Amino acid sequence: MNQIAISGVARPSPPRAPRDAGPLLFGLGILFAGYLTAFATTLNQPLIASVGFAAINTLSVCVPALLFRPVVYRLAAGARAPLAILVHPLLAATFSVAWYFCTLAGFALSPNWPNEGFTVAPFGPIALSWQLFQGVTVYGAFALFVYWRHAVGVSNSGPEPSPGPGAVPIAPGTPPASLMVRCDKEMVPVSMSDLVRIAGADGYSEIVTTTRSILSTTPLARFDDILPQDQFVRAHRSHIVRLTAIDHVEPAGNARLLLVMSDGASIMTSRAGARRLRDLAV
């Protein structure tokens, strides 16, 4: 069996963590400072108590943020605008309620909770309304951050290759039957015939097969170099699709096409990607 091993991606590249952590920590710092200012100026209590209240409110938002990030990422990576417009308000409301309950749990952990147990005191109507409003606002900022990271990841995935009649696959001879993809510390075999599409975003590539989805740190441009061009096409700067995994194609206006894939995903091509596909039509 012929295989291509994609190497050099056993670990995420070192610069990724600072770029992601910096804006997130800055945002948490702004949120903490806002809470601390509000508690210190409106509540008649020692400063240390205000610091504790601010810390609970700030740290409790991390739980829903970690849970919701994969969902928001998928919306940013491939969801059509009508679906995103419909889903984001529902996610914002759920995020806000989840943050509220996480905050209640934080306040329930009194210093003597091992002896006294949990003491849960629900917010009053005004405080609850304000907390839910903050939740929706923070979700909006969080979603904008994820969309921005997606846009940055797409721009770093490498430029789309210029289509040309003389383009040939880099690997001569019989196309490989599978890829050996490094995923974190593992090497995952991926059958070429099972590949549906590869999406590049946020510095990663999401490899979608007929049975599973794999997250790899290999840039999308690397896959574009090694995949056989008679089986795969760069439909967009952030998407490579397998031709036989396209269920049907619809015109999308402005010289673009909408690809409906076998896994149910809908992918909007770029103009260059649409031109490549039209060149393949008989």
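Residues numbered from 1 in each chain as written. Predicted model: local features only at pLDDT ≥ 70, side-chain atom pairs only at ≥ 80, totals over all residues. Heavy atoms only, no water.

## Considering the packing of aromatic side chains
- Evaluation of the coordinates by the stated rule reveals nine aromatic pairs.
- Arranged with centres 6.5 Å apart and planes meeting at 85°, the rings of Y35 and W99 form a pair that is edge-to-face. Taken together, the residues Y35 in helix α1 (residues 16-42) and W99 in helix α4 (residues 81-108) connect sequence positions 64 residues apart. Each member of the pair, Y35 as well as W99, carries the same accessibility label: buried.
- Taken together through their ring pairs, the aromatic side chains of Y35, F39, F53 and W99 make up a single cluster. (Phe/Tyr/Trp six-rings, centres within 6.5 Å; stacked < 30°, edge-to-face > 60°. Helix = DSSP H or I, 4+ residues; strand = E, 2+ residues; numbered from the N terminus. Buried < 20%, exposed > 50% of the residue type's maximum accessible area, 1.4 Å probe, protein only.)

## Description of the confidence of the model for the protein
- Of all residues in the protein, 77% have pLDDT values of 70 or greater, and the mean over the chain is 78.
- Within the protein, the element-level pLDDT minimum falls on strand β1 (residues 3-6), averaging 48, and the maximum on strand β8 (residues 239-242), averaging 92.
- Confidence drops under pLDDT 50 across residues 1-19; counting only partners more than four residues distant or on other chains, this segment forms 45 contacts.
- Note on residues 154-158: pLDDT is under 50 here. Beyond four places in sequence and across chains, it has 14 contacts. (pLDDT = per-residue confidence, 0-100. Contact = heavy atoms within 4.5 Å.)

## Quick look at the pairing of β8
- Burial of β8 is two-sided: the residues H239 and V241 facing one way and the residues I240 and R242 facing the other way are all buried.
- One ladder, built from three bridges, connects strand β4 (residues 195-201) with β8; its direction is antiparallel. Bridged to I198 within β8 is I240.
- As paired elements, strand β7 (residues 232-236) and β8 share four bridges and run antiparallel to each other. The partner of R234 across the bridge, within β8, is I240.
- Here β7 folds back onto β8, and the loop between the two strands holds two residues. (Pairing = 2+ DSSP bridges.)

## Overview of the sheet that holds β7
- Pairing in this open sheet of five strands is antiparallel, and the strands run β6-β5-β4-β8-β7 from one edge to the other. With partners counted over all chains shown, the strands left at the sheet margins are β6 (213-216) and β7, one partner each. Averaged over all pairs of adjacent strands, the angle between strand axes in this sheet comes to 20°, irrespective of strand direction. (Axes fitted to C-alpha atoms, helices over the stretch in contact; angles between N-to-C directions.)

## Quick word on helix α8 (residues 271-280)
- Within α8, burial applies to A272, G273, A274, R276 and L277.
- Along its buried surface, α8 packs onto β7, β9 (246-253) and β10 (256-261).

## Structural notes on the pairing of β4
- For β4, a buried count of seven out of seven residues is recorded, marking the element as mostly surrounded by other parts of the structure.
- Bridge analysis of β4 against strand β5 (residues 204-209) gives six bridges, and the strand direction is antiparallel. In the sheet register, A199 faces β5, and the bridge partner there is E206.

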